[in-house]
Amino acid sequence: MTTKHAEVEQRAPYVGRAVDRLDGPAKVTGAARYAAEHPYPNLAHAALVHATVARGRITAVDTAAALAVRGVIEVLTHENAPAMKPAPALSMLNPSTMASGTSVNYLATDEVHWNGQPVAVVVAETPEAARYAASLVRLTYQESPAEVDFAAAEPNAVPQKNNPLQSAGADKGDANAALAAAPVRVDLRFTTPPHSHNAIEPHATTAVWDGDDLTVHEGTQNIAWVRQHLAQRFDVPARRVRVLSPYVGGAFGGKTMIWAGTLLAVLAARATGRPVRLVLTREGVFHTVGGRTPSTQRVALGADADGRLTALIHTSVARTGRVGGGPEQITSASRHLYAAPNIHLRQNLVQLDLVANTVMRAPGESIGTFALESAMDELAWELGLDPIELRMRNEPANNPVDGKRFAHRMLREAYALGAERFGWKERDPRPGAMRDGRWLVGMGVATAYHPAWQLPAKVGVRLTADGTVVVRSSLHEMGMGAATAQAQIAADTLGVPMEAVRVEYGDSDLPPGPGAGGSGQTASAAAALLAASHKLKRSVFALARHAPDSPLRGRRLDRLEARDGGLYEGSAGETYAAILTRAGRDHLEAEAGPGMLGFAAKMLRDRRNWVKAASGAQFCEVRVDQDTGEVRVSRWVGVFDVGTVINTKTVAAQLRGGIVMGLGLALSEETLVDRRTGRVVNASLAENHVPVHADVPRIDVDWLGDPDPTMPLGLLGVGEVSITGVGAAVANAVRHATGRRILDLPITLDKLL
Amino acid sequence: MRPFDYVKPADVAAAVRAVATAPGAKFIGGGTNLVDLMREGIETPDTVVDLGGLPLDGVEELPDGGLRIGALVRNSALAADQRVRGRYPMLSQAILSGASAQLRNMATVGGNLLQRTRCPYFYDQAAACNKRAPGSGCDALDGFNRGHAVLGVSEQCIATHPSDMCVALAALDAVVEVESVRGTRRIPVADLHRLPGATPDVEFELAADQLITAVELPPVPVAANSRYRKVRDRASYAFALVSVAAALEVRDGAVTAARLALGGVAAKPWRAREAERLLVGGPASEESFGRAADAELAAATVRPGNAFKVALARATIVATLRDLTHGGSTA
Ligand SMILES: Cc1cc2nc3c(=O)[nH]c(=O)nc-3n(C[C@H](O)[C@H](O)[C@H](O)COP(=O)(O)OP(=O)(O)OC[C@H]3O[C@@H](n4cnc5c(N)ncnc54)[C@H](O)[C@@H]3O)c2cc1C
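Everything numeric in this text was worked out from a predicted model, so none of it was measured.

Student: Is there a simple way to think about the sheet that holds strand 26 (residues 566-569) of chain A in this case?
Tutor: Across a sheet, strands are paired by hydrogen bonds formed along the backbone, either parallel or antiparallel in direction. All names here are of chain A. The strand order across the open sheet formed by 3 strands is 25-26-27, and the pairing between neighbours is antiparallel. Taken across any chain shown, the strands that pair with only one partner, and hence form the sheet edges, are strand 25 (561-563) and strand 27 (572-575). For this sheet, the mean inter-axis angle between neighbouring strands, taken without regard to orientation, is 25 degrees. Relative to strand 26, strand 25 runs antiparallel, the two sharing 3 bridges.

Below is the structure:
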């Protein structure tokens, strides 16, 4: 008995352990229902018709052949569709106004803004009939001149404007003069291609109207935005819109905004009076959902003979759509990584007649670190210095552009641990010196860096008399273990076994959770969960404090420990169940989370004081075929500072996933946009080369595990940091293997022949 | 997808008849290419004649030591056949380098031979393509053509034939047997696919009503030392930028027999006869391999996007022959 008690007391907390995902069994048994898998009686199916010109007006619509297809219910075009309200104007006070993927009011206009824009929707009894009929809708256009060629438009880019969340540039000292005077310098121009979102689950919506009540099953990263945006577009109160999104088959930013498919499913349901399901074709995802901007970047570095930077210049050009999209923080890592006395950063933009760009895993940083970290590597070659040593010599004490304090900075430790695990000292620094048969072997490093974000969130916690804890918040579970992490935190803070915790999420009827973006969901929800749990303990204790027969009578809450399903001081105490039962309560509930204004004020204060970020050191080994230039990544080590690690299993998976996505960015992914027509030419998974298993080596990930003192529970976020630096680590390893510096992604073999 | 009639004939004679009497009919093997094209509205058959169930799925020994492969043998089964692996390793390797395990389990020999190009403009109804819509033009000429052909091209079309299997078959002098209401015909694989010329829509030396029943492999002793090398944009599940099927016999430093075919460079599997001619009798040296490759590639016509293919093809030919000279290192 005593031994058992002691064991329980010493039980390790759940946070920091490898815990299986709570949603795992439902997913592997097929019980989990995704947005396109909800059956409804009388369900109809919709398919999109995409424009085939980049810009112009629809002058004629012929739907006769489509309507003649057996099973077709309706063909909606701008000539007959009920109008939605236009997309709202951007307002900093209402973040859901950022939710519009584009500003186009689909089917309420004859205007075409990009090649692939949805211009008609077919609703039919079966998906097959809808798709076939969609192929028969004939549209005639009057074309107008369109600008679709990024390379041609790029010289005309204009400076991006600053906004409170994102700086468009920075200046310190005189970087141009310092560069000109530097004894050692590199000045390089990089390009990166557009990337398209390719989550395994294509965007899908099931929409059901009941009078003015709307239910939407949707895979989304922002339930609150979907609800508010649909309410606004369809002119019903938000409380009448219910959004259900318990399972999301991958998102990576592609399901943050609201895109045409969602709107048109809801519109089609409204117009036909039927529940409607709309699943984008894979091609439809390329045509209607934004992706990562292409970029051109210049990075110029000046250094003294010891490798101390004297100048750092990083400028970029990105593109948005003319009808949507936004800047990406391409030069952001250059604000934080190196102690240069003279810095010039500037982001520029062009607008093109293409589908709007949108956030994609580490928007900006993923491609920005490619340029910056490639240039640092090249500088190391110029100096004849080890690239890790060069970075250590330029490791800043404070944030380089403005002298703010770092909340947490452990890049030295990350590099030290990574170098050891990788075997960096085995590297022969001479290019081409390491070989394995026909393969040239190269090793490269690069720094990973991603800002830590916190978003407003509300979380409710309910304690029932049977000892069950229910955590309630409209969190987004895209497969990364979001709900499992909150269950671990709740179990620890309330002192209950994880089996007693249930997490309710993915439903707009729950307290509004944070959006799943900026790698901030877990930290944001944790802050509210901890506050709600604290409130809850206070209410429970209030029930026991005056109860004559409670062992807690007369004690103080701050002396009590939550454990074993109750509150205890030493061996005195009792279970929550006992307290609730005595008080005749079947449950107690508490909710916490900041208001919007308070949150914004705190965030701005915080950002004035601190620079917060996750970071890491990426180590890559490549093999380059001496004859054909084929590049294979053969080994990877990533060591990250992500603050507290809640679930070692899911964190490792997330970090690895980011690296895998980065391998695609480095070696193979590129959305080809025809410069004559603005059409995506490789809109399929056969021709758009995301990495396959054979491209992915063993990936060794580790973390430093030191909590960030300024973030909830010490969390810095793990979703995005690990894709940053990957492109450069690969390019730097290729440089080592072959002596060739590749400036243009992806590093395909033709660039190495 | 456009609605169609579905027929499942009981035997080869019925299959051939079914197509002869229905002009808009198409055979279907594994369906991995035809169904995709039907979904895209590029193939629009009125009738689909399902070959599944016809007794054309065996691999038999021929009296001369060759093999007769039924047209319905699945790609995976053929690649796994011990006789193929032993006598014609390049063929097994070629098949295994194609598509994915799932696709190879469905795909048939007949379907693989007649699969159509992966040119993205061919696949996109919104683009101009002389192969899909004769006379509409070719968007690939001045568009994205990194994957396109450099040999045997025309001003009408620069698409490639994407098959890996066919490259090995061409190198091995395989012969296709076809059946129609008019009788039986034999066509060398190397002559089965047509170069585009002015009619890129006519892709095969085959009438629409001709059923492929088998592929015959003659004995090719040199093929015991052969390999297939595929170069592509990712390690698996991508079409060839360039591929090489090669067999080599070397005695006392001299090449005594050679087979060479290229994939990813033309509208057909490209049998490199000029290179073979130069190789045989010459030294088994990199210089000699390079000269043979150069001679074969001299006629290349390139575009900015695919100019690298000439150098890549040369390098891949030389590397593959070098490997075969040294007893073949692994891929
Ligand atoms: C994503 C993807 C990747 C791929 N990657 C590769 C690759 O890397 N390398 C590669 O070589 N291939 C690749 N393929 C193509 C694959 O090899 C072909 O789809 C397959 O071989 C076709 O065989 P099938 O039996 O499925 O043909 P089907 O789709 O059934 O038929 C194809 C054509 O052949 C005709 N046909 C079929 N059988 C006969 C017959 N017996 N007689 C006359 N006509 C017939 C049909 O009418 C049709 O026109 C890929 C395919 C996909 C979808």
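From this point, things continue past the structure.
Student: Is there a simple way to think about the side chain of N688(A) in this case?
Tutor: Following the sequence through the fold, N688(A) ends up in the loop between helix 18 (648-667) and strand 32 (699-703). Judged by its relative accessible area of 1%, N688(A) is buried. At 3.5 Å, the side chain of N688(A) forms a polar contact with the side chain of T671(A). If near-sequence neighbours (up to four positions away) are discounted, N688(A) is found in contact with N198(A), F286(A), E669(A), E670(A), T671(A), N682(A) and R234(B).

Student: Help me out: how do you make sense of the packing of aromatic side chains in this one?
Tutor: Aromatic ring pairs are defined here through the distance separating the ring centres and the angle between the ring planes. All names here are of chain A. Per the counting criterion, the structure on display carries 9 aromatic pairs over all chains. Their ring planes at 65 degrees and their centres at 6.0 Å tell us that Y415 and F619 sit as a pair that is edge-to-face. Of this pair, Y415 sits in helix 13 (residues 411-422) while F619 sits in strand 30 (residues 613-625), and the two are 204 residues apart along the sequence. In terms of burial, Y415 and F619 fall into one category: buried.

Student: Any chance you could explain the environment of D64(B) here in plain terms?
Tutor: Residue and element names in this part refer to chain B. Within the fold, D64 resides in the loop between strand 4 (59-61) and strand 5 (67-70). For the pair D64 and A208, spaced 144 residues apart in sequence, the C-alpha to C-alpha distance is 31 Å. For D64, the side chain forms a polar contact with the main-chain nitrogen of G66, separated by 2.8 Å.

Student: Whenever I open this one, helix 7 (residues 223-234) of chain A confuses me. Can you help?
Tutor: The periodicity of an α-helix, 3.6 residues per turn, causes residues three or four places apart in sequence to face the same way. Residues and elements named next belong to chain A. Across its 12 residues, helix 7 extends 16 Å between first and last C-alpha, which sits within 8% of the 16 Å expected from 1.5 Å per residue. Across the 12 residues that make up helix 7, a large majority, 9, are buried. For helix 7, every residue scored as buried is listed here: I223, W225, V226, R227, H229, L230, A231, R233 and F234. Following helix 7 by one or two positions, D235 adopts a phi angle in the positive range, close to 60 degrees.

Student: Just checking my understanding: could you explain the UniProt feature "domain: FAD-binding PCMH-type" (unreviewed entry) in chain B for this structure?
Tutor: Residues given the UniProt feature "domain: FAD-binding PCMH-type" (unreviewed entry) here are residues 1-222 of chain B. Taken as a whole, residues 1-222 of chain B contains 28% helix and 17% strand, while its terminal C-alpha atoms sit 47 Å from one another.

Student: For this particular structure, what's the right way to read the state of the cysteines?
Tutor: Between two cysteines, a covalent bond joining their sulfur atoms is known as a disulfide. All names here are of chain B. Inspection of the entire model under this criterion finds 0 disulfides over all chains. Here C138 stays free of any disulfide, with the sulfur of C157 as its closest cysteine sulfur at 5.9 Å. Free of any disulfide, C166 has its nearest cysteine sulfur in C157, 17 Å distant.

What counts and what doesn't
- Residues numbered from 1 in each chain as written.
- Chains lettered and ligands numbered in written order.
- Predicted model: local features only at pLDDT ≥ 70, side-chain atom pairs only at ≥ 80, totals over all residues.
- Heavy atoms only, no water.
- Pairing = 2+ DSSP bridges.
- Helix = DSSP H or I, 4+ residues; strand = E, 2+ residues; numbered from the N terminus.
- Axes fitted to C-alpha atoms, helices over the stretch in contact; angles between N-to-C directions.
- Buried < 20%, exposed > 50% of the residue type's maximum accessible area, 1.4 Å probe, protein only.
- Polar contact = N/O pair within 3.5 Å; in protein donor to acceptor, adjacent residues only side chain to side chain.
- Contact = heavy atoms within 4.5 Å.
- Phe/Tyr/Trp six-rings, centres within 6.5 Å; stacked < 30°, edge-to-face > 60°.
- Expected span 1.5 Å × (residues − 1).
- UniProt positions renumbered as here; feature names shortened; annotations may be inferred.
- Disulfide = S-S within 2.5 Å.

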